[in-house]
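Examination of the molecular architecture
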Amino acid sequence: MSEVRVRFAPSPTGRLHIGGARTALFNWLFARHYEGKFVLRIDDTDTARSTEDSIGQILSSMKWLGLFWDEGPGVGGPYEPYCQSQRLELYRQAANQLLAEGKAYLCYCTPEELAERRKQAMADKQAPRYDGRCRYLSPAERDRLEAEGRWPVIRLRVPDSGETVVHDYCRGDVSFANALLDDFIIMKSNGDPTYNFATVVDDAAMRITHILRAEEHLSNTPRQILVYQALGKPQPVFAHVSMILAPDRSKLSKRHGATSVEEFREQGYLPAALINYLALLGWSPEGDAEIMSPAEMVYQFSLEHVGKTAAIYDLKKLTWLNGHYLNEADLTLITGLVIPLLKKRGLVPEEITPHFYYYIMEVVGTVRTRVKTINEIVDASTYFFSDDFEYDQKGVLKYFSKPGAAKLLKQARHVLEWVKHFDLETTEATYRQLSEKLGIKAGDLIHPTRLALTGRTMTPGLFDVMVTLGKEKSLERLDRAIAFIEQLDLDGGKD
C-alpha cells in the first residue's frame, strides 16, 4: 500500500459532536496503523454558519482527545492552507476548467423558478430534479439572461442514464441511478463552491487515499465520484461507517444528554475514557477486551472489523469506563484537574501551599474510588474542606435520634483521643475493640461517626475519611455532633 493519507474535515458550525469525534478517531487510528498521514481540514465554506469560535473549540477538543494531526491548522503542511475559505481560487479554477471542457455549464434559473418546478413535479408525482434546460443555451441566450440581472450558478453535466457505483470498503458496491442525481450545482451564484465540489477538489489536491466517514454521507458519494471523473482525478477508497444512535435507536440529540466533546469535558470525563468508548462504537477489536490504550487500538485497528449496523450510544458504559480511568490515572494528574473546580466552588483558596496541596491530593485519593467523574470528586469531597455542613436529615433520624447516641460518640471520641498512630490499621482496630467492649455491632458505631464527620450517610470507608481528616479535625467534628445531638433533647443518655 502506498502512503496512507486520510483526513477529518469538520464544518465549524458548532461544537465537535461525538459522531464527528468518532470519525476523527477512526481516521487517526487508520493513519497511525499504516504509518500514514492524518490531515485536519476545516470545511468552512458555509460562511453564514461557520464561526471562529467553533474552529477554536474543534481544535481544542481534538487536542484534548490527543488526536493530533500531521497536517492542518497550526501545523502547516505541503498542501496548505487547510481552511476551505482560504482556497476559493482553487475551486474557481477547477470550475472554469470544467466549463472550458464542456463538462459543466452556466445555469441562470432563479431559486423561485426552481421551487415552482419542484412543486409541479411533485404534483405530477415525479421525482423533483433539475430538467437541464440551461444545458444548451446559446451565447445570445446567455447574454439576454445576464442582461436581466441574473447571476448564474455552475452545474455539472451528469449522464442521463446509467449508474454511478460506490465501491465502499465497509458496505460493498452501492449503485445510484444517474437519472436521479440530475445536473447538480458545483459553484453558487456568489462564487462559492458547494460541499460536494469543494471537498473533491481538496481531497484530490491533498492526495487523500482513503475517506472514512459516517454512512450519512453515503448519499453524497456518487456526486463526488462524478466530480472526480470530470476532473480526471483518481478516486480514494471510500468507507462509510455506521451511525451512532440513541438507546431508543432514534437520532442522537440533546435530549439524550451530552453530545459534544466539550460537554463531556465540562462534566468531568477524561479524554482516555472518551477515546476508549468512541473506539468501541462501531469497531470490534479482536478478543473481548473493553479497556484499551491508544497504542493497543492503533495496533489492532482495521476496517474489516468496522460493523455495518448502527452503534448504540450508552452513557452508562462510558461512565463506567471513566470510573476505571479515574482510578487508574496518575493521582497528580487528577488532583490538577480537581483543584480548579474546588476553587470555582470556593472550597479552597486561590493560593495553595505545598502542604495544603498534598492534603488535597490525599482527599482526591480517598474519594475517587467511589465516584465516576472529576465533577463527582468535587461533590463528594466538600466536607473535607468545610466544617460548615448540615447533617443528612434521614441520617439524623436514623443515627443521631437514637437513645444513647451522644454517649456513644463520646466513648468513641475518648478512645480516639488516646490513639498515638492515627492510621487506618490503628483507628479501625480501636473502633472494633470498642464495639466488642460495648457489645454492639461495629456498624452501630461506624454509621453515626460517619454522619458526625461528614454530614453524610454514604462516603468512602470511614477510616479512610478519618485518617484523611486527621485526628484533630476528627475529634472536633465529634464534639460538634455530640453538641448537636444534645440540643435535640432526644438523646436520653446525657452525662
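This text follows the structure it describes.
Please read these numbers as outputs of a predicted model, since none were measured by experiment.

**Thoughts on the overall build of the protein**
Helix and strand counts for the protein come out as 20 helices and eleven strands. Taken over C-alpha atoms, the radius of gyration comes to 32 Å for the protein, far larger than the 23 Å a tight globule of 495 residues would show. If you line up the protein on its principal axes, its C-alpha atoms span 110 × 50 × 40 Å. Evaluated residue by residue, the protein yields a buried proportion of 49% over its 495 residues. Across the protein, every contact between residues at least 6 apart in sequence was considered, and the portion connecting residues at least 24 apart equals 75%. Within the structure as shown, the protein displays about 24400 Å² of accessible surface, and the carbon and sulfur contribution to it stands at 52%. One way to put it: in the protein the 61 positive side-chain charges average out to a point 3 Å from where the 67 negative ones average out.

**Brief notes about the pattern of salt bridges**
Counting across every chain of the model gives 30 salt bridges. A salt bridge links Asp387 to Arg477, with the shortest nitrogen-to-oxygen separation between them at 2.7 Å. Placement of Asp387 in the loop between α14 (374-380) and α15 (393-400) and of Arg477 in helix α20 (residues 471-488) is noted, with a sequence separation of 90 residues between them. Among the residues examined, Arg477 registers a relative accessible area of 4% and is labelled buried. In this structure, Glu486 engages Lys410 in a salt bridge whose closest nitrogen and oxygen atoms are separated by 2.9 Å. Note that Glu486 is positioned in helix α20 and Lys410 in helix α16 (residues 405-417), a separation of 76 residues in sequence.

**Notes on the sheet that holds strand β7 (residues 185-187)**
Taken together, three strands build an open sheet; the order of strands is β3-β4-β7 and the sheet is antiparallel. Since the sheet does not close on itself, it has two edges, and those belong to β3 (104-107) and β7, each with one partner. Taking the axes of each pair of neighbouring strands and ignoring which way they run, one obtains an average angle of 45° across the sheet. As judged from the four bridges shared by β3 and strand β4 (residues 153-156), these two strands associate in the antiparallel manner. Within β4, the position partnered with Tyr105 by the bridge is Arg155.

**Here we look at the side chain of His240**
With respect to the secondary-structure elements, His240 resides in strand β9 (residues 237-241). What makes His240 buried here is its relative accessible area of 0%. In this structure the side chain of His240 is engaged in a polar contact, spanning 2.6 Å, whose partner is the side chain of Asp168. Of the polar contacts made by the side chain of His240, one reaches the side chain of Arg213; its length is 3.1 Å. Leaving out residues up to four positions away in the same chain, His240 has contacts with Asp168, Cys170, Arg171, Arg213, Ala214, Glu215, His217, Leu218 and Thr221.

**Quick word on the packing of helix α18 (residues 442-454) against helix α19 (residues 462-469)**
The contact between α18 and α19 brings their axes to 10 Å, and the two run at 35°. Remark: the crossing between α18 and α19 carries left-handed chirality. Residues Ile446, Thr449, Arg450, Leu453 and Thr454 of α18 pack against Leu462, Phe463, Val465, Met466 and Leu469 of α19.

**Considerations on unusual backbone geometry**
Residue Glu80 is joined to Pro81 through a cis peptide bond whose omega torsion reads 5°. In this structure, Pro81 sits in the loop between α2 (52-65) and α3 (88-100). Phi at Glu35 is positive, roughly 55°, even though this residue is not glycine. Along the chain, Glu35 falls in the loop between α1 (18-33) and β2 (37-40). The exposed category is assigned to Glu35, whose relative accessible area is 70%. Of note in the backbone geometry, Arg207 takes a positive phi value of approximately 60° without being a glycine.

**Regarding the nonpolar core**
Core analysis: the largest hydrophobic core is formed by 106 residues, its most contacted members being Met62, Ile334, Ile377, Phe384, Phe385, Phe400 and Tyr431. Of all the elements, α1 adds the most residues to this core, at nine residues. Once residues within four sequence positions are removed from consideration, Phe384 is found in contact with Tyr359, Val363, Thr366, Val367, Val465, Thr468, Leu469 and Arg477. Ranked by size, the runner-up nonpolar core spans 32 residues in total, among them Ala95, Val201, Tyr228 and Ala230.

**Some thoughts on the packing of aromatic side chains**
Scanning all chains against the criterion turns up 14 aromatic pairs. Ring geometry for Trp283 against Phe301: centres 5.3 Å apart, planes inclined by 50°, an arrangement best described as tilted. Here the residue Trp283 occupies a position in the loop between α9 (271-279) and α10 (294-300), and Phe301 occupies one in the loop between α10 and β11 (311-312), the gap between them amounting to 18 residues. Owing to a relative accessible area of 2%, Trp283 belongs among the buried residues under this scheme. Residue Phe301 is classed as buried on the basis of its relative accessible area of 0%. Between Tyr431 and Phe463 the ring centres are 5.8 Å apart and the planes differ by 85°, which places this aromatic pair in the edge-to-face class. One end of the pair, Tyr431, is in helix α17 (residues 424-438); the other, Phe463, is in helix α19, and 32 residues separate them in sequence. By relative accessible area, which is 2% here, Tyr431 ends up buried.

About the criteria used
- Residues numbered from 1 in each chain as written.
- Predicted model: local features only at pLDDT ≥ 70, side-chain atom pairs only at ≥ 80, totals over all residues.
- Heavy atoms only, no water.
- Helix = DSSP H or I, 4+ residues; strand = E, 2+ residues; numbered from the N terminus.
- Rg over C-alpha atoms; globule rule 2.2 N^0.38 Å.
- Buried < 20%, exposed > 50% of the residue type's maximum accessible area, 1.4 Å probe, protein only.
- Contact = heavy atoms within 4.5 Å.
- Areas by Shrake-Rupley, 256 points an atom, 1.4 Å probe, with all protein chains shown as cover.
- Lys, Arg positive; Asp, Glu negative; His and termini not counted.
- Charge placed at Lys NZ, Arg CZ, Asp CG, Glu CD.
- Salt bridge = Lys/Arg side-chain N within 4 Å of Asp/Glu carboxyl O.
- Pairing = 2+ DSSP bridges.
- Axes fitted to C-alpha atoms, helices over the stretch in contact; angles between N-to-C directions.
- Polar contact = N/O pair within 3.5 Å; in protein donor to acceptor, adjacent residues only side chain to side chain.
- Left-handed = near helix turned anticlockwise from the far one by under 90°.
- Core = buried A, V, L, I, M, F, W, Y, C linked by side-chain atoms within 4.5 Å.
- Phe/Tyr/Trp six-rings, centres within 6.5 Å; stacked < 30°, edge-to-face > 60°.

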